[in-house]
Every structure is written in structure tokens, then in C-alpha cells.
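Structural overview
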Amino acid sequence: MMITTAVASTLTFIAGTSLAGGHAAPMVMGADQDVSGGTVAAEKIMAPANGWLVVHRTDADMKPGPVVGHAPLRAGENTDVAAILTEPVASGEMLMLMLHGEDGGMQTGIFEYTLGATEDGPVRVDGNLVMQIVTAD
């Protein structure tokens, strides 16, 4: 009887831990990095659903500018996500690594966002963009 109770308690703990991990808050984690190879990477992204890592140019105003790269994401935890840059980025430039959804577009799996559009648009939590700013080394 005691062994059965211990096993049941352990299984309940494991199940609870797994479920808690599935409900992690959306986030993007990245660091300043060398982009001379034509890519920029996010160390870790928590996505509530399938979507996109989108790389925007930005500056001291911290507003998203033109898109210069993107990479697909799966729902849940994504690590070491690299986006190929579609135009040169110089050392010292700031990039915004932003979480976008896969919503409202004409085709699933095709990145359809343009600045200000709603298709495959930014994910927000409490009205705030889910993003991280990094500087190109």
C-alpha cells in the first residue's frame, strides 16, 4: 500500500511538471553576436503555437523596422534558432528578434508578414511585443 501511494505521488508530480512546462510564457532570449556569416540566432524561444522568429532592424528608439530575416518555429520550446539575413547587417547595428504567429495568412508555413500587416503578425503579451534586442558584433 505504501509503495502504491509513493508511485502515485511521483506520477502526479511528473505529470504536473510536464503540464506546467507546456504553459510557459512566450519569450525570446538572444545575445549580441557576430552576424558576418549572414545569420542571426535566438538562444531560446517559447512559442504558444507554431509561428516565426522574425528579425527586424531597429535603433535607439526600439521600434520594429524592416524585416531582414525570419525562421519557422514549432509550438513550445525552440533552441538555437537561426534566421538567414536577407540583407547585409553591419557591426554595431541593432536587431529586434521578435516572436510572430502563423495566423491570418493565405498559406500555412509561408511567411506572409509585411511591416504593419496582421498576417503572421507579432505575438503580444499584455499588449507588449515578445522580443529581444541584440547588437551585431
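Right above here is the structure, for reference.
Residues numbered from 1 in each chain as written. Predicted model: local features only at pLDDT ≥ 70, side-chain atom pairs only at ≥ 80, totals over all residues. Heavy atoms only, no water.

Each helix and strand counted, the protein chain has one helix and nine strands in total. Going from N to C terminus, the protein chain has its helices and strands arranged as α-β-β-β-β-β-β-β-β-β. A burial count over the protein chain gives 34% of its 137 residues as buried. Looking at the protein chain alone, contacts between residues at least 24 apart form 63% of all its contacts between residues at least 6 apart. (Helix = DSSP H or I, 4+ residues; strand = E, 2+ residues; numbered from the N terminus. Buried < 20%, exposed > 50% of the residue type's maximum accessible area, 1.4 Å probe, protein only. Contact = heavy atoms within 4.5 Å.)

Take the sheet that holds strand β2 (residues 39-47) next. Within a beta sheet, neighbouring strands are joined by backbone hydrogen bonds and run either parallel or antiparallel to one another. Read across the open sheet, the seven strands follow the order β1-β2-β5-β4-β3-β6-β9; overall the sheet is antiparallel. Pairing within the sheet leaves two strands with one partner each, and these edge strands are β1 (27-29) and β9 (131-135). For this sheet, the mean angle separating the axes of adjacent strands, direction not counted, is 25 degrees. Two strands pair when backbone bridges link them, and β2 and strand β5 (residues 76-85) are joined in this way by eight bridges, in the antiparallel orientation. Pairing of A42 across the sheet is with V81, part of β5. (Pairing = 2+ DSSP bridges. Axes fitted to C-alpha atoms, helices over the stretch in contact; angles between N-to-C directions.)

Going through the model one piece at a time under the given rule, you end up with two aromatic pairs. Judged by centre distance (6.4 Å) and plane angle (45 degrees), the ring pair of F111 and Y113 falls under tilted. For the pair F111 and Y113, a shared accessibility class is recorded, and that class is buried. A connected cluster of aromatic rings, assembled from ring pairs, spans W52, F111 and Y113. (Phe/Tyr/Trp six-rings, centres within 6.5 Å; stacked < 30°, edge-to-face > 60°.)

A few words on the pairing of strand β6 (residues 94-101). Burial analysis of β6 places seven of its eight residues in the buried class, the great majority of the element. Pairing of strand β3 (residues 51-58) with β6, which is carried by eight bridges, proceeds in the antiparallel orientation. Paired with T58 across the two strands is M94, which belongs to β6.

Phi is positive for D80, which is not a glycine, with a value near 50 degrees. Among the secondary structure elements, D80 is positioned in strand β5. Residue classification places D80 among the exposed positions, given a relative accessible area of 60%. Of note, D126 is a non-glycine position whose phi angle comes to about 55 degrees, a positive value. Considering the arrangement of structural elements, one finds D126 in the loop between β7 (124-125) and β8 (128-129).

Interpretation in functional terms is not warranted from these geometric data alone.
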